[in-house]
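# A structural walkthrough
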Amino acid sequence: MKKTILLKVDPENPDPIKIQVAAQIIKEGGLVAFPTETVYGLGANALNPNAILALFEAKKRPLDNPPIVHVADPSEVYRLVLGVPEKAELLMNTFWPGPLTLVFKRSPIIPTVTVAGLDTVAIRMPKHKVALALIRQSGLPIAAPSANLAGKPSPTTAKHVFEDLNGRIDVILDGGATNIGVESTVLDLTVDPPMILRPGGTTFEALKKVLGDVKLHPFVQAEEELPLEKIRSPGMKHRHYAPKAEVILVEGEVAPVTCKIRELSDAYALKGEKVGILATDETQGAYYADVVKSLGSRFNLAIVAQNLFRLLREVDSENVDVIIAEGVPTEGIGLAIMNRLRKASGYHIIKAE
Ligand code: TXA
Ligand code: MG
């Protein structure tokens, strides 16, 4: 077991000495967890194959699912890819730094393990002072998947990272809770029109406004497991965001959803099972169960996104047998929220009418 060092940093004004320590560890092939505006990432030198292998091992992540490469400036993209399409420049100018990951044809300077043998690479520039300072100080592109054990909800606090990875990584930079709460949007630029492979912090609507034409991969809105031949992003085939408890997602209009959840919750309670409910501010009072938590108001989905992974972990830590979650509309950030909830439920979805 490694000794994991926890370093608290001011998210607005990170201490250069602590950043220096963390950057040195990255340069030496070590693993550093750090906050971004979306979720915490687990960073390693993207150009060092051994560091990347250690990264996969620490997360227990399957080797076929490549991490995102993080840069501190758009100009760094050019040496990592084979060509930067005009649309990419437009997107980088508009959305970087920020929660948008772009998939390019990769340059051979990126080791095969970093991209899991693909001929493409996913790159983003995060909007967080700690992340940017760490990348700049190390002078390297930093590969960073979310800093959770594979299959678990992504971490939005340093405490979540510690729970999953203490003893398995070198440093955790604790910069407080992350702002957006769901991961970046992954957009494939190797196809035309560009295609969203994972919905996230940059909305479909915002991308459409800038690009005109942009497609949603069927997986983004999938309500069941996709057949293997449709998979375009390795992340699509792995179980994700899954708490220990069984998760059931109830979708539809608010009134029937509330009724259905009450019915389900009573039925499980009668069977002697411990029930957790993920509600919203507007419906929370309508439920009676062992654990009831509100994700936030249905009229402020940014807050729901911010709370989602933390509350999945919190309800799970109460050792409930089943978590029943309310669906939200798929507009704006709601698309990313519903994608994560559907995956967390293993597509155990009930339509309430
Ligand atoms: O917000 C985020 O994106 C966070 C923070 C830390 O930046 N990172 C993150 O990384 O969510 P990760 O590794 O948990 O998710 C990366 C996703 C996976 O679904 C992976 O399959 C996909 O991006 N991906 C990576 N490289 C790809 C590629 N070359 N082509 C298609 N999809 C790719
Ligand atoms: Mg992840």
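Everything discussed here concerns the structure shown above.
Going along each chain's sequence as written, the residues are numbered from 1 onward. Note on labels: chains are lettered from A, ligands numbered from 1, in written order. Local features in a predicted model are, by the rule used here, given only for residues with pLDDT of at least 70; side-chain atom pairs are given and counted only at 80 or more, and totals for whole chains, interfaces and linings are based on all residues. The side-chain numbers reported here are obtained from all heavy atoms of the structure, hydrogens and water having been left aside.

## As for the overall build of the chain
- If you tally the helices and strands in the chain, you get nine helices and 16 strands.
- Computed over the C-alpha atoms, the radius of gyration of the chain is 20 Å, within 12% of the 20 Å expected from 2.2 N^0.38 for a compact globule of 353 residues.
- Across its three principal directions, the C-alpha atoms of the chain cover 60 × 45 × 35 Å.
- Using a 1.4 Å probe on the protein chains alone, a residue whose accessible area is under 20% of its type maximum counts as buried, one over 50% counts as exposed, and one in between counts as partly exposed. Buried positions account for 58% of the 353 residues belonging to the chain.
- Across the chain, the fraction of contacts at a sequence separation of at least 24, relative to all contacts at a separation of at least 6, is 68%.
- Computed with a 1.4 Å probe, the accessible areas rest on the Shrake-Rupley method; for each residue, only the protein chains presented here act as cover. Surface exposure of the chain reaches about 14600 Å², of which carbon and sulfur atoms provide 52%.
- We treat Lys and Arg as the positive residues and Asp and Glu as the negative residues; His and chain ends play no part in the count. Note on charges: their place is set at NZ of Lys, CZ of Arg, CG of Asp or CD of Glu. Of the charged side chains in the chain, 40 are positive and 41 negative; the average position of the first set lies 4 Å away from that of the second. Working definition: helices are DSSP H or I runs of at least four residues, strands are E runs of at least two. Numbering for both runs from the N terminus. The quantity called the radius of gyration is restricted to C-alpha atoms. Its globule counterpart is 2.2 Å times the number of residues to the power 0.38. We call two residues in contact whenever any of their non-hydrogen atoms come within 4.5 Å of each other.

## Re the site of ligand 1
- Near ligand 1 you find 27 residues, and of these Thr38, Asn65, His70, Ser184 and Gly235 are the closest.
- The term polar contact refers here to a pair of N or O atoms within 3.5 Å; inside protein, the definition further demands a hydrogen-donor-capable atom paired with an acceptor-capable atom, and it admits residues adjacent in sequence only when both atoms are side-chain atoms. The side chain of Arg61 places a nitrogen or oxygen atom 2.8 Å from an oxygen atom of ligand 1.
- Between ligand 1 and Arg198 there is a distance of 2.9 Å, counted from an oxygen atom to a side-chain nitrogen or oxygen.
- If ligand 1 stood free it would expose 690 Å²; the protein chains cover 96% of that surface.
- Counting only elements with at least two residues in the shell around ligand 1, the list comes to β3 (40-45), β6 (120-124) and β10 (195-198).
- Of all the elements, β6 adds the most residues to the shell around ligand 1, at four residues. Working definition: residue near molecule or strand if any one of its non-hydrogen atoms lies within 4 Å of it.

## Notes on the nonpolar core
- With 67 residues, the main nonpolar core has Ile123, Leu173 and Leu187 as its most contacted residues.
- In contact with Leu173, not counting residues within four places along its chain, are Leu7, Val9, Lys18, Ile19, Ala22, Val32, Ala33, Phe34, Pro35, Tyr40, Val130 and Leu134.
- Throughout, nonpolar core names a set of buried Ala, Val, Leu, Ile, Met, Phe, Trp, Tyr and Cys residues whose side chains join them through atoms within 4.5 Å. Counting residues in hydrophobic clusters, the runner-up holds 40 residues, among them Ala122, Phe219, Ala222 and Met338.

## A short note on the sheet that holds strand β11 (residues 215-216)
- Taken in spatial order, the 11 strands of this open sheet run β1-β8-β2-β3-β7-β4-β6-β5-β9-β10-β11, and their pairing is mixed. Only two strands of the sheet have a single neighbouring strand rather than two, namely β1 (5-8) and β11.
- With two bridges connecting them, β3 and strand β7 (residues 142-143) associate as antiparallel partners. Each bridged residue has a counterpart across the sheet, and for Asn45 the counterpart in β7 is Ile142.
- Note on geometry: axes are lines fitted to C-alpha atoms, helical ones only across the stretch in contact, with angles between N-to-C directions running from 0 to 180 degrees. The sheet contacts of helix α1 (residues 16-27) involve β1, β2 (32-35), β3, β7 and β8 (171-174), and relative to β8 the element is tilted by about 145°. Two strands qualify as a pair provided that DSSP identifies no fewer than 2 bridges between them.

## Notes on the packing of aromatic side chains
- The aromatic pairing rule takes the rings of Phe, Tyr and Trp, using the six-membered ring of Trp, and pairs them if the centres are within 6.5 Å, calling planes under 30 degrees apart stacked, those over 60 edge-to-face and the rest tilted. Counted by the stated rule, this structure contains zero aromatic pairs.
- Only lysine NZ and arginine CZ atoms are considered, and such an atom sits over a ring when it is within 6 Å of the ring centre and within 35 degrees of the ring normal. Directly above the aromatic system of Tyr268 lies the positively charged group of Lys271, at a separation of 4.4 Å from the ring centroid.

## Digging into the pattern of salt bridges
- Think of a salt bridge as a Lys or Arg side-chain nitrogen and an Asp or Glu carboxyl oxygen that are within 4 Å of each other. Considering all chains together, one arrives at 18 salt bridges under this definition.
- When the shortest N-O distance is used, the salt bridge between Arg313 and Glu163 registers 3.3 Å. Of this pair, Arg313 sits in helix α8 (residues 301-316) while Glu163 sits in helix α5 (residues 158-165), and the two are 150 residues apart along the sequence.
- Each of the salt bridges in this network shares a partner with another, and the network as a whole consists of Lys159, Glu163, Asp164 and Arg313.

## Things to note about α1
- Helix span, as expected, comes to 1.5 Å for every residue beyond the first. The terminal C-alpha atoms of α1 lie 16 Å apart, and with 12 residues this matches the ideal 16 Å at 1.5 Å per residue to within 8%.
- Looking only at α1, the buried set comprises Ile19, Ala22, Ala23, Ile25 and Ile26. Summarising the axial view, the buried residues of α1 lie within an arc of 155°, below the 170-degree limit, and thus occupy one face.
- Sitting at the amino-terminal end of α1 is Asp15, which places a side-chain oxygen 2.9 Å from the backbone nitrogen of Ile17. It is the directions from the helix axis to the C-beta atoms whose arc is reported.

## Thoughts on the pairing of strand β15 (residues 322-326)
- Where burial is concerned, most of β15 is hidden: five out of the five residues are buried.
- Here β15 shows a buried face lined by Val322, Ile324 and Glu326 and a second buried face lined by Ile323 and Ala325.
- Inspection of the sheet shows strand β12 (residues 246-252) paired to β15 by five bridges, in the parallel sense. By the bridge assignment for β15, Ile248 is matched with Ile324.

## A few points about the side chain of Ser138
- The residue Ser138 is located in helix α4 (residues 129-138) in this model.
- Within polar-contact distance, the side chain of Ser138 engages the backbone oxygen of Ile135 at 3.0 Å.
- Apart from residues no more than four positions distant in its own chain, Ser138 is found in contact with Ala23, Ile26 and Lys27.

## Observations concerning the environment of Val130
- Within the fold, Val130 resides in helix α4.
- Along the chain, Val130 and Glu12 lie 118 residues apart, while their C-alpha atoms are 7.8 Å from each other.
- Residues within four places of Val130 in sequence aside, it is in contact with Val9, Asp10, Pro11, Pro14, Ile19, Pro35 and Leu173.

## Let's talk about the side chain of Asn148
- Mapping Asn148 onto the fold places it in the loop between β7 and α5.
- In this structure the side chain of Asn148 is engaged in a polar contact, spanning 3.1 Å, whose partner is the backbone oxygen of Lys152.
- If we ignore the near neighbours within four places in the chain, the residues touching Asn148 are Lys59, Pro153, Ser154, Pro155, Asp164, Leu165 and Arg313.

Without other data, these values stay purely geometric and don't point to any function.
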